[in-house]
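# Analysis of the macromolecular model
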Amino acid sequence: MTGDPGPVDPGRVGPGARLLVTGGAGFIGSELVRQLLARRDGTRVTVLDKLTYAGNRANLAAVEADPEQAARFAFVQGDIADAAVAAPLVAEADAVVNVAAETHVDRSILDPEAFLRTGVIGVHVLLEAVRAEADRAARGERAHAPRYLQVSTDEVYGEVAEGRSVETDPLAPRSPYAAAKAAGELLVHAYHVTFGLDVVITRGSNTYGPHQHPEKLIPLFTTNALAGEPLPMYGDGMQVRDWLHVSDHAAGIDFVLRHGAAGEAYNIAGGTELPNREVIARLLAATGRDWSLVRTVPDRPGHDRRYAMDGAKLAALGWTPATSFEVGLPATVAWYREHADWVASAKSGDWDAYYARQYGDRLAAGRAVDGTA
Ligand code: NAD
Ligand code: DAU
């Protein structure tokens, strides 16, 4: 099937739509599922999630405990790279939102292969399933082809010394994680051009909030600070990230799903660019700790110095983020403080082995940091 998929029609993504959300037990995916079902507009959601170390069924407990939402929700444990599992679920969907990925840059430096399997082969399997459904639609065997949304990242642009990335900038990824995400995007674009699939891509900036696995900067430093454990700051801590609250990231994805033009990519920029040192200072204030906990440790190889995106394209379509970092960060710290069981569960399994491998030598070589410098 080739050709223009046409405008987005409500039958595909409006009230009552059947959505397949992959990676829906993770940090951003579970927030998206909670928002979609909380609209109570008849939308039905099936989550396909492999439940890797980062996936947690408890992230979906709120929807499963609500009878009206639970009736519109289904959970399937499985791998997006497994066509036997993924294709029948795509066949029942009006749209596919692919949130699933291996997501931690440091783990992609330790073990890149899983990133390629999910980020490239997994995306390919989903696109082939969508393509088969588009062919069925062209034959009149279903009402319309599914829309496909690929959740991507600002990391595909690579580090940005000056200015802000716009959607037409070249992709220049610099870590195995970012390279896998860029490869996934290129496949999605190719399936739009070659097979006429109705695809959209979102590129979100650094996201924070409740339910984020504690391997990432903000939840790691929050939970370590609350426990009085060292905070391993990479290098000089002057790397810059643009912070986006998870509720905004999920809302931006939902907006692009419903309003994005086929074949287009959209930046979802947080609009809060801060050096890591400033984020750490605010986390210390929110947890009641001081700089004596912070250690400067050997840097991440290939560490991108700065990410920054221009959110004007999505703003022109009618969407901007709503939660400020001043409100979102203390609320996030409070959530981790109040969810010790969730944190303990996330820091179980392979956590100690991962932590020793990632931070053992680094912390041994670490030095105190002068927080006033
Ligand atoms: P996460 O690590 O919290 O969750 C990923 C989820 O995907 C987990 O539930 C995991 O079990 C599932 N998963 C992994 N491999 C799978 C597979 N092969 N099949 C099915 N499920 C699989 O990730 P997150 O931080 O919520 O990120 C979600 C998406 O957003 C990713 O695509 C990521 O690249 C992108 N993103 C994240 C951020 C961020 O700051 N967290 C920013 C921009 C973009
Ligand atoms: O920019 C979007 C990306 O943000 C997403 O695509 C990724 O999935 C997500 O993991 C995140 O990537 P980062 O590498 O920017 O996030 P992380 O939380 O790992 O690191 C944020 C910054 O903090 C970065 O400059 C590295 C630094 N850092 C991180 C950790 C875990 C430290 O100094 N010490 C640490 O222990």
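All of these numbers come straight from a predicted model, not from anything done at the bench.

### Considering the overall build of the chain
- When helices and strands are tallied, the chain shows 15 helices and 13 strands.
- Relative to the 2.2 N^0.38 estimate, which gives 21 Å for 373 residues, the radius of gyration of the chain is 20 Å and therefore close to what a compact globule would have.
- By principal-axis analysis of the C-alpha atoms, the chain measures approximately 65 × 45 × 35 Å.
- Within the chain, the proportion of its 373 residues that are buried is 55%.
- Considering only residue pairs separated by 6 or more positions, the chain has 84% of its internal contacts joining residues 24 or more positions apart.
- For the chain, the exposed area adds up to about 14,600 Å²; of that, 55% sits on carbon and sulfur atoms.
- Positive and negative side-chain charges in the chain, numbering 36 and 48 respectively, have mean positions lying 1 Å apart.

### Looking at the sheet that holds strand 5 (residues 147-153)
- The strand order across the open sheet built from 7 strands is 3-2-1-4-5-6-10, with neighbouring strands paired in parallel fashion. Either end of the sheet is taken by a strand with one partner, and the two such strands are strand 3 (73-77) and strand 10 (264-268). Strand-to-strand, the axes of this sheet are offset by a mean angle of 20°, without reference to chain direction.
- Here strand 4 (residues 95-98) runs beside strand 5; their pairing, made up of 4 bridges, is parallel. Counterpart to Val97 in the pairing with strand 5 is Leu149.

### Some points on the nonpolar core
- Among the nonpolar cores identified, the biggest contains 34 residues, and Phe73 and Val97 are the most heavily contacted of them.
- Contacts of Val97, omitting those with residues within four sequence positions, involve Leu20, Val21, Thr22, Leu32, Leu149, Val151, Ile253 and Leu257.

### Re the site of ligand 2
- Taken together, 25 residues surround ligand 2, and among them Asp154, Tyr177, Asn206, Arg300 and Tyr359 come closest.
- A distance of 2.8 Å separates an oxygen atom of ligand 2 from a polar side-chain atom of Glu155.
- In the model, an oxygen atom of ligand 2 is placed 2.5 Å from a nitrogen or oxygen of the Tyr177 side chain.
- For ligand 2, whose free accessible area comes to 690 Å², the fraction covered by protein is 95%.
- Taken together, the elements giving at least two residues each to the shell around ligand 2 come down to helix 6 (105-110), helix 9 (217-227) and strand 8 (231-234).
- Across the shell around ligand 2, the residue classes break down as 10 nonpolar, 8 polar and 7 charged.

### Quick notes on the pattern of salt bridges
- Using the criterion set out here, one finds 31 salt bridges in the structure.
- With a shortest N-O distance of 3.0 Å, Asp94 and Arg18 are connected by a salt bridge. Taken together, the residues Asp94 in the loop between helix 5 (83-91) and strand 4 and Arg18 in strand 1 (residues 18-22) connect sequence positions 76 residues apart.
- Assessed through its relative accessible area of 6%, Asp94 is described here as buried.
- Two residues, Glu141 and Arg136, come together in a salt bridge whose shortest N-O distance is 3.7 Å.
- Taking relative accessible area as the criterion, Arg136 reaches 25% and is therefore assigned partly exposed.
- What emerges from the salt-bridge pattern is a single network uniting Glu133, Arg136, Arg139, Glu141 and Arg142.

### Brief notes about the packing of helix 9 against helix 13 (residues 325-338)
- Axis separation between helix 9 and helix 13 bottoms out at 10 Å; the angle between their running directions is 55°. Relative to helix 13, the element helix 9 lies oblique. Relative to helix 13, the crossing made by helix 9 is right-handed. Of the residues in helix 13, those touching helix 9 at Ile218, Pro219, Thr222, Thr223 and Leu226 are Phe325, Leu329, Thr332, Val333, Tyr336 and Arg337.
- Partitioning the contact of helix 9 with helix 13 into residue classes produces 7 nonpolar, 3 polar and 1 charged.

### Observations regarding the environment of Arg107
- Residue position: Arg107 is located in helix 6.
- When sequence neighbours within four positions are dropped, the list of residues in contact with Arg107 reads Tyr53, Pro112, Phe115, His213, Glu215, Asp350 and Tyr354.
- In this structure the side chain of Arg107 is engaged in a polar contact, spanning 3.2 Å, whose partner is the side chain of Tyr53.
- For Arg107, the side chain forms a polar contact with the side chain of Asp350, separated by 3.4 Å.

Cut-offs and rules
- Position numbers for residues start from 1 in each chain and track the written sequence from start to end.
- Starting at A for chains and at 1 for ligands, labels are handed out in the order in which the entities are written.
- Whole-chain, interface and lining totals are the exception, using all residues; otherwise, since this is a predicted model, local features are given only for residues with pLDDT of at least 70 and side-chain atom pairs are given and counted only at 80 or more.
- Side-chain calculation: all heavy atoms of the structure are included, whereas hydrogens and water are not.
- Going along the chain from the N terminus, every DSSP run of H or I of four or more residues is numbered as a helix, and every run of E of two or more is numbered as a strand.
- Radius of gyration here uses only the C-alpha atoms, and the compact-globule reference equals 2.2 Å multiplied by the residue count raised to the power 0.38.
- Burial status follows relative accessibility: with a 1.4 Å probe on protein chains alone, a residue under 20% of its type maximum counts as buried, one over 50% as exposed, and anything between as partly exposed.
- Contacts are assigned to residue pairs that have any heavy atoms within 4.5 Å of one another.
- Accessible areas in this description were obtained via Shrake-Rupley with a 1.4 Å probe; residue shielding takes into account the shown protein chains only.
- For the charge count, each Lys or Arg is scored as positive and each Asp or Glu as negative, with His and the chain ends excluded.
- In plain terms, the charge of a residue is placed at NZ if it is Lys, CZ if Arg, CG if Asp and CD if Glu.
- For two strands to count as paired, DSSP must find a minimum of two bridges between them.
- To define axes, lines are fitted to C-alpha atoms, for helices over the stretch in contact only, and angles between the resulting N-to-C directions are given on a 0 to 180 degree scale.
- The set of buried Ala, Val, Leu, Ile, Met, Phe, Trp, Tyr and Cys residues whose side-chain atoms join them within 4.5 Å is what this entry labels a nonpolar core.
- A single heavy atom is enough: if one lies within 4 Å of a molecule or strand, its residue is considered near that molecule or strand.
- Residues adjacent in sequence count toward polar contacts only when both atoms are side-chain atoms; beyond that, a polar contact is any pair of N or O atoms within 3.5 Å, and within protein one must be able to donate a hydrogen and the other to accept it.
- For this scheme, ten residues count as nonpolar: Ala, Val, Leu, Ile, Met, Phe, Trp, Tyr, Cys and Pro. Four count as charged, namely Asp, Glu, Lys and Arg, and the remainder, Gly too, count as polar.
- By convention in these notes, a salt bridge is any Lys or Arg side-chain nitrogen within 4 Å of a carboxyl oxygen on Asp or Glu.
- By the definition adopted for this analysis, an angle is roughly parallel if under 35 degrees, roughly antiparallel if over 145, roughly perpendicular if from 65 to 115, and oblique otherwise.
- In this scheme the crossing of two helices becomes right-handed for a clockwise turn of the near helix relative to the far one and left-handed for an anticlockwise turn of less than a right angle.

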